[in-house]
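Each chain is listed here by its residues.
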Amino acid sequence: MAEIKSDHILDAKGMACPMPIVKTKKEIESIEAGKVLLVEATDPGSKADIKAWAERAGHQYLGTNEEGDTLKHYIRKASEEEAEGETSFENVVNNDELKQKLSDGVATVIDVRESAEYAFGHIPGAKSIPLGELDSKIDELNNEDDIYVVCRTGNRSDLAAKKLSEKGYKNVTNVVPGMSEWDGDVEKA
Amino acid sequence: MSEQKKTNIILFSGDYDRAMAAYIIANGAAAYDHKVTIFHTFWGLNALRKDEKLRPSKTFMEKMFGKMMPKGAENLPLSKMQYAGMGPKMIKNVMKKHNAMPLDDLISMAQEQDITLLACTMTMDLLGLKEEELLEGIELGGVAAYIADGEDGAINLFI
């Protein structure tokens, strides 16, 4: 698997229980909501620990990659705005409708989650453009395409869909809720 | 997030291994954003003693107790395989190899994480331990102080 992008890295290699969790908690307090923290640890118990801890603390556990003896845990810090889940972009489909469009082969799916979230599971064929990079990558999109914007809960994709339509993209649709409830095919990269 | 949960541990034992377990759980719970209190009573108080020669005024019995009981976390005996002092040496070697934190570091980490370390005043009196013999930042209290924290604890342990 290619290197997954993270915003912050915590080196917890060589630490034994409970230190990886204690350090992770401290580290995540210092980072911005929505950012991705990579925790590198060698304690084999850290996988279960980090996953359980992140879910309890309300953060998003993305996944773990093993490289030799090192476990690379990816966590995305919780963001309150997303939890509210209010969307205002008018053109909306649900997951099932998107599935139908995909089987008809007419949809271009843009995944605006962080690249680490994308790496641990996305809709096959979806293009990764994290919300923060949308401005710089907007030219990669084709105005003629039927664009479906997806994220985890429909919130970031709402912002992205608004931005795209402001920029003149005509056929833009937000997918709600998105990957948090996605039960169709998933591809990892 | 929901209301902060509480973890409360009574550390009765003065064994190194048991105290370690108590402090590992406490530190883990603090990372879970629990409000954590460790209530040290009887032999558990020895984990909080300073490893220094102090001469607070004491009665003869108190002095005897003071001499016989271990001074501080790193001088506690093991609950098993003590072997006249060889056991703790061996286990500390193994711990070093596995990067497990020694007890005194776990205690500092607990203080850093704002875990309340409570010393039972009644048993301090019985064992003749004075406040100045214990580490800095220790709160003194009795059973009521413990119950106040413990009554709505999500986790309550007696170690």
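Residues numbered from 1 in each chain as written. Chains lettered and ligands numbered in written order. Predicted model: local features only at pLDDT ≥ 70, side-chain atom pairs only at ≥ 80, totals over all residues. Heavy atoms only, no water.

**So, the pattern of salt bridges**
Scanning the model with the defined rule gives 26 salt bridges over all chains in all. Across the salt bridge formed by B:Lys130 and B:Glu62, the nearest N and O atoms sit 3.6 Å from each other. You can see B:Lys130 sitting in the loop between helix 5 (121–127) and strand 4 (139–141) and its partner B:Glu62 sitting in helix 2 (residues 60–68), a full 68 residues away along the chain. With relative accessibility at 24%, the residue B:Lys130 sits in the partly exposed group. Each of A:Asp11, A:Lys13, A:Glu40, A:Glu67 and A:Lys72 takes part in a single network of salt bridges with overlapping partners. (Salt bridge = Lys/Arg side-chain N within 4 Å of Asp/Glu carboxyl O. Helix = DSSP H or I, 4+ residues; strand = E, 2+ residues; numbered from the N terminus. Buried < 20%, exposed > 50% of the residue type's maximum accessible area, 1.4 Å probe, protein only.)

**Looking at the interface of chain A and chain B**
Each side of the interface is counted separately: chain A has 14 residues, and chain B has 17 residues. Buried surface at the junction of chain A and chain B, both sides included, amounts to about 1200 Å², of which 62% is carbon and sulfur. Area buried by chain A at its contact with chain B is led by A:Pro18, A:Lys25 and A:Arg56, which between them contribute 35% of it. Inspection of the chain A/chain B interface yields five residue pairs in polar contact (both at pLDDT 80 or more). (Contact = heavy atoms within 4.5 Å. Buried area = accessible area lost by both parts, 1.4 Å probe. Polar contact = N/O pair within 3.5 Å; in protein donor to acceptor, adjacent residues only side chain to side chain.)

**Observations concerning unusual backbone geometry**
Glycine aside, residues mostly have negative phi angles, and peptide bonds mostly take the trans form. Cis geometry marks the peptide bond from A:Cys17 to A:Pro18, where omega comes out at 5°. Structurally, the position occupied by A:Pro18 is in the loop between strand 1 (8–12) and helix 1 (19–29). With phi around 45°, B:Phe42 is a residue other than glycine that occupies positive phi space. Tracing the backbone through its elements, the reader meets B:Phe42 in the loop between strand 2 (35–40) and helix 2. The phi dihedral of B:Asp114 falls on the positive side, at around 60°, and the residue is not glycine. Counting through the fold element by element, B:Asp114 comes out in the loop between helix 4 (103–112) and strand 3 (116–120).

**Observations regarding the packing of aromatic side chains**
Residue and element names in this part refer to chain B. The final tally for this structure, using the stated rule, is five aromatic pairs over all chains. A ring pair is formed by Phe39 and Tyr146, whose centres lie 5.4 Å apart and whose planes are at 40°; its orientation type is tilted. Here Tyr146 lies in helix 6 (residues 143–150) and Phe39 lies in strand 2, a separation of 107 residues in the sequence. You can call Phe39 buried: its relative accessible area is 7%. (Phe/Tyr/Trp six-rings, centres within 6.5 Å; stacked < 30°, edge-to-face > 60°.)

**Focus: the sheet that holds strand 5 (residues 155–158) of chain B**
Residue and element names in this part refer to chain B. With respect to topology, five strands assemble into an open sheet ordered 4-3-2-1-5, the strand pairing being parallel. If you trace the sheet from one side to the other, it starts and ends with strand 4 and strand 5, each paired once. Ignoring which end each strand starts from, the neighbouring axes of this sheet average 20° apart. Bridge count for strand 3 against strand 4 is three bridges, and the pairing is parallel. For Cys120, the partnering residue across the bridge sits in strand 4 and is Gly141. Contacts between helix 6 and the sheet are confined to strand 1 (6–11), strand 2, strand 3, strand 4 and strand 5, with strand 1 contributing the most and set at about 150° to the helix. (Pairing = 2+ DSSP bridges. Axes fitted to C-alpha atoms, helices over the stretch in contact; angles between N-to-C directions.)

**Considering the domain arrangement of chain A**
Residues and elements named next belong to chain A. Once the domains are mapped, chain A shows domain 1 (8–78) and domain 2 (84–181). Taken together, the contact between domain 1 and domain 2 spans nine residues of the former and six residues of the latter. Summed over both sides, the interface between domain 1 and domain 2 buries roughly 610 Å², with carbon and sulfur atoms accounting for 66% of that surface. Here domain 1 is connected to domain 2 by one salt bridge. Taking the shortest distance from any N to any O, the salt bridge between Arg76 and Glu117 comes out at 3.4 Å. Counting the contacts that link domain 1 with domain 2 gives three residue pairs in polar contact (both at pLDDT 80 or more). Those elements that place two or more of their residues in the side of domain 1 that touches domain 2 are strand 3 (60–67) and strand 4 (70–76). (Domains from an automatic or database assignment.)

**Description of helix 7 (residues 155–166) of chain A**
Each α-helix turn comprises 3.6 residues. Residues three or four places apart therefore point the same way. Spanning twelve residues, helix 7 of chain A covers 17 Å between terminal C-alpha atoms, matching the ideal 16 Å at 1.5 Å per step. After helix 7 of chain A finishes, the residue A:Gly168 shows a positive phi value of roughly 100°. (Expected span 1.5 Å × (residues − 1).)

**A short note on the sheet that holds strand 4 of chain A**
All names here are of chain A. Taken in spatial order, the four strands of this open sheet run 1-2-4-3, and their pairing is mixed. Single-partner strands in this sheet number two, and they are strand 1 and strand 3. Strand-to-strand twist in this sheet, taken as the mean axis angle between neighbours without regard to direction, amounts to 20°. Summarising the sheet, strand 2 (residues 36–41) and strand 4 pair through six bridges and their orientation is antiparallel. Within strand 4, the position partnered with Val39 by the bridge is His73. Lying over the sheet, helix 2 (residues 46–57) contacts strand 2, strand 3 and strand 4, oriented at roughly 5° with respect to strand 4.

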